[in-house]
Amino acid sequence: MRKKFAISLTALTVSVTANASIPWWEQPTICRLDPTNCYSSMGTGYDKEIWDTNSECWGMKLICPEALKSNEYQPVPMGKTEIAKGTEIKKDFNIDILNGDCFGVRKTTSNGTMASVDGKYVKVWCNGVLENPDEFLDNGEITYGIQPTCSDLAEYGYVGIVNNRCYGKYYDTSEYYIECNGTDLLPNRIILLNGADYTIPTSSAPIDKSNAEKLFDQMESVSKSQREKYFNKN
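Here the residue numbering is sequential within each chain, running from 1 through the sequence in written order. Owing to the predicted nature of the model, reporting of local features is limited to residues with pLDDT of at least 70; listing and counting of side-chain atom pairs is limited to 80 or more, with chain, interface and lining totals taken over all residues. Note that water and hydrogens are dropped before the side-chain values are worked out from all heavy atoms of the structure.

Glancing now at the confidence of the model for the chain. Averaged over all residues, the pLDDT of the chain equals 83, while 76% of them reach at least 70. Residue-level confidence of the predictor is what pLDDT reports, using numbers from 0 through 100. Here, residues are in contact when the closest pair of their heavy atoms is within 4.5 Å. A low-confidence stretch, residues 1–16 (pLDDT under 50), is modelled with 0 contacts involving residues beyond four sequence positions or located in other chains.

Written out as structure tokens, the structure is:
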């Protein structure tokens, strides 16, 4: 027994002596973090110097503050496991898309003309259509609250139809009159004024079909009498 212990002690002494010239942090007995990267490519939008404890790899994704439920002002590094859970990420945002120096853009559909707000898709209005937009997107602007009606838009000369990749086509109010019906988004019709001023009331205008027919009969009678008076039948 003593002989075996002496041999083991001698082997340990030889091992320590052999590694004495190697710095302690480089010796094989020191535990090291796995050098594996969490992502195959980590450029803009990643912090490759942070250790992801749960996933046991290097690198975290930077999530844009507007995509997070918590009130943040700077991009927040998040691990792969936390991202997969999605509990801290707003459902209206896609964190697979780079947005500047972080990940997270509002979800859109229909070629970018509709955007997700509280799980529902709303129209993306062309810049300048909304009086007080809540957010600006690549294609235009959106409002989180009540969406505009036909009358709201017509007041500024707009109609709620697709105009390229956003909603809101402009009609010059000096040339067109937009006729709305209640709270519907689209107008009943768009009237080409041809120089007429629709804002001036016409008291002599017929108020219904019967009055219109009566006025037409009068006009026809006057026309007939004038023709008989000034045109020779022969």
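We count a stretch as a helix when DSSP gives it H or I for four or more residues in a row; a strand needs E for two or more, and each element gets its number in order from the N terminus. Structurally, T143 can be placed in the loop between β10 (141–142) and α3 (150–154). For T143, a relative accessible area of 11% puts it in the buried group. Side-chain polar atoms of T143 contact the backbone nitrogen of G145, separated by 3.5 Å. Not counting the four nearest positions on each side in its chain, T143 is found in contact with V122, L130 and D134. Exposure is judged per residue with a 1.4 Å probe applied to protein chains only, and the accessible area is read against the type maximum: over 50% gives exposed, under 20% gives buried, and values in between give partly exposed. Polar contacts, as used here, are pairs of N or O atoms within 3.5 Å; protein pairs need one atom able to donate a hydrogen and one able to accept it. Residues neighboring in sequence count only if both atoms are side-chain atoms.

Here we come to the pairing of strand β8 (residues 120–123). One requirement defines pairing of two strands: DSSP has to find at least two bridges between them. Looking at chain direction, strand β7 (residues 114–117) and β8 are connected through 4 bridges and run antiparallel. Within the sheet, the bridge partner assigned to A115 lies in β8 and is V122. Where β7 hands over to β8, the hairpin turn is made up of 2 residues, of which D118 adopts a positive phi near 55°.

Bringing the state of the cysteines into the picture now. We call a pair of cysteine sulfur atoms a disulfide when they lie within 2.5 Å. Applying the stated criterion across every chain, the model contains 4 disulfides. Across the disulfide from C126 sits C166; the S-S distance is 2.0 Å. In this structure the cystine formed by C126 and C166 twists about its S-S bond by roughly 95°; its chirality is therefore right-handed. On the criterion of sequence distance, the pair formed by C126 in the loop between β8 and β9 (135–136) and C166 in strand β12 (residues 166–170) is long-range, its members being 40 residues apart. The same class applies to C126 as to C166, namely buried. Each sulfur of the disulfide joining C150 and C180 lies 2.1 Å from the other. For the disulfide bridge between C150 and C180, the dihedral angle about the S-S bond is near -75°, and by the sign convention the bridge is left-handed. Of this pair, C150 sits in helix α3 while C180 sits in the loop between β13 (176–179) and β14 (189–192); the two residues are 30 residues apart in sequence, bridging distant segments of the chain. On the basis of relative accessible area, C150 is assigned to the buried category, the value being 2%. Given the relative accessible area of 23%, C180 is considered partly exposed. Counting only the cysteines that take part in disulfides, in the order they occur along the chain, gives the pairing 1-2, 3-4, 5-7, 6-8.

Spatially, β6-β7-β8 is the arrangement adopted by the 3 strands of the open sheet, whose pairing is antiparallel. Bordering the open sheet on either side are β6 (108–109) and β8, each of which pairs with just one other strand. Where β6 lies against β7, 2 bridges are found, and the strand directions are antiparallel. Note that in β7 the partner of T109 across the bridge is M114.

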